[in-house]
Amino acid sequence: MSTTRHELLHAFDLLLAPGRFKDYAPNGLQVEGRTVVRKLVSGVTASRALIEAAIHAEADAIFVHHGLFWRGQDGRVTGWMKQRLGLLLGDDVNLFAYHLPLDAHPELGNNAQLGLQLGLVAHGGSAGRFGEQELGFLGARENGENFASAKALATHAEKVLQRPVTLVDTAHRPIRNIAWCTGGAQGYFEAAIAAGADAFITGEISEPQAHYAREMGVAYLACGHHATERYGAQAVAAHVAAQLGLKHEFIDIDNPA
């Protein structure tokens, strides 16, 4: 089975609706490759290692969360950019990248899939969203139980994500309302607090968030940018590949960040 580059782009756009978002990167087809697509490889970031692995896997297209182009970056094609583009263009491989639209998708996106992995369910309707462009999710444990403490939640996250978690917690109380937003969403912490969260889960932590957590009594868990965003790209790519009859393979390039 095969499809065309245009049909694949249409399927991604229809599912992720990039026009709804004000983003920091161009969403959709970032590098044009061959017209006919039979195999799709997904990954988190369009690193050289992923591109090389995808070419080795005989991919016709790559689907990622973090593409090659970002607002305000140096536009010169030198160094690492030349190397990555050289591989894609040399092997005629398409690169598709979706940033905020991939975070936000209610079932297949990064936030929805992280919640699924952690056994969390967002509240219904607008009560289950918070923050700029309503990217953040707010909910509770799927089984209806509280976590005994933020430490218990952190231990659970470490087991699921298989990596250490940075925890800031001074309240030492049961955790019911949990807010989460994957990747570098530390700037959403104040909105999570305002939304009534007992704990906030994201990928990274910056200097101010430790103080906010201590002063406001809301636990902060930094679980890794890459670790929290491993699930959306593969879920979306697998869904679209099945829809179009394509082969699909997720390739995880380890990243401690």
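Preceding this section is the structure that the text describes.
Residues numbered from 1 in each chain as written. Predicted model: local features only at pLDDT ≥ 70, side-chain atom pairs only at ≥ 80, totals over all residues. Heavy atoms only, no water.

Asks: Explain the overall build of the protein chain to me, please; I cannot follow it from the model alone.
Replies: From N to C terminus, the protein chain includes 10 helices and 14 strands. Taken against the 2.2 N^0.38 rule, which gives 18 Å for 257 residues, the C-alpha radius of gyration of the protein chain at 19 Å falls within 12% of a compact globule. Overall, the protein chain is about 55 × 35 × 30 Å in size when its C-alpha atoms are taken along their principal axes. For the protein chain, the residues scored as buried account for 51% of the 257 residues in total. Expressed as a percentage of contacts within the protein chain between residues at least 6 apart in sequence, the contacts between residues at least 24 apart total 67%. Put simply, the protein chain shows about 11700 Å² of open surface, and 51% of that area lies on carbon and sulfur atoms. Positive and negative charge centroids in the protein chain, built from 21 and 27 side chains respectively, lie 2 Å apart. (Helix = DSSP H or I, 4+ residues; strand = E, 2+ residues; numbered from the N terminus. Rg over C-alpha atoms; globule rule 2.2 N^0.38 Å. Buried < 20%, exposed > 50% of the residue type's maximum accessible area, 1.4 Å probe, protein only. Contact = heavy atoms within 4.5 Å. Areas by Shrake-Rupley, 256 points an atom, 1.4 Å probe, with all protein chains shown as cover. Lys, Arg positive; Asp, Glu negative; His and termini not counted. Charge placed at Lys NZ, Arg CZ, Asp CG, Glu CD.)

Asks: I would appreciate a short explanation of the sheet that holds strand β5 (residues 61–66) in the present structure.
Replies: The strands making up a sheet associate through hydrogen bonds between their backbones, and the pairing can be parallel or antiparallel. The strand order β2-β6-β5-β4-β14 describes an open sheet built from five strands, whose pairing is mixed. Every other strand in the sheet has two partners, leaving β2 (28–31) and β14 (247–250) as the edge strands with one partner each. The sheet shows a mean angle of 30° between the axes of neighbouring strands, direction not considered. Summarising the sheet, β2 and strand β6 (residues 94–97) pair through three bridges and their orientation is antiparallel. Bridging from a neighbouring strand, Val31 pairs with Leu95 of β6. (Pairing = 2+ DSSP bridges. Axes fitted to C-alpha atoms, helices over the stretch in contact; angles between N-to-C directions.)

Asks: Just checking my understanding: could you explain the packing of helix α5 (residues 110–118) against helix α6 (residues 150–161) for this structure?
Replies: Helix packing for two helices is described by the angle between their axes and how far apart those axes are. At a minimum axis distance of 10 Å, the contact between α5 and α6 shows a crossing angle of 105°. One element, α5, and the other, α6, form an angle in the roughly perpendicular class. On α6, the residues touching Leu114, Gln117 and Leu118 of α5 are His156, Ala157, Val160 and Leu161. In terms of residue class, the contact of α5 with α6 is made up of five nonpolar, two polar and no charged. (Parallel < 35°, antiparallel > 145°, perpendicular 65-115°, else oblique. Nonpolar A, V, L, I, M, F, W, Y, C, P; charged D, E, K, R; others polar.)

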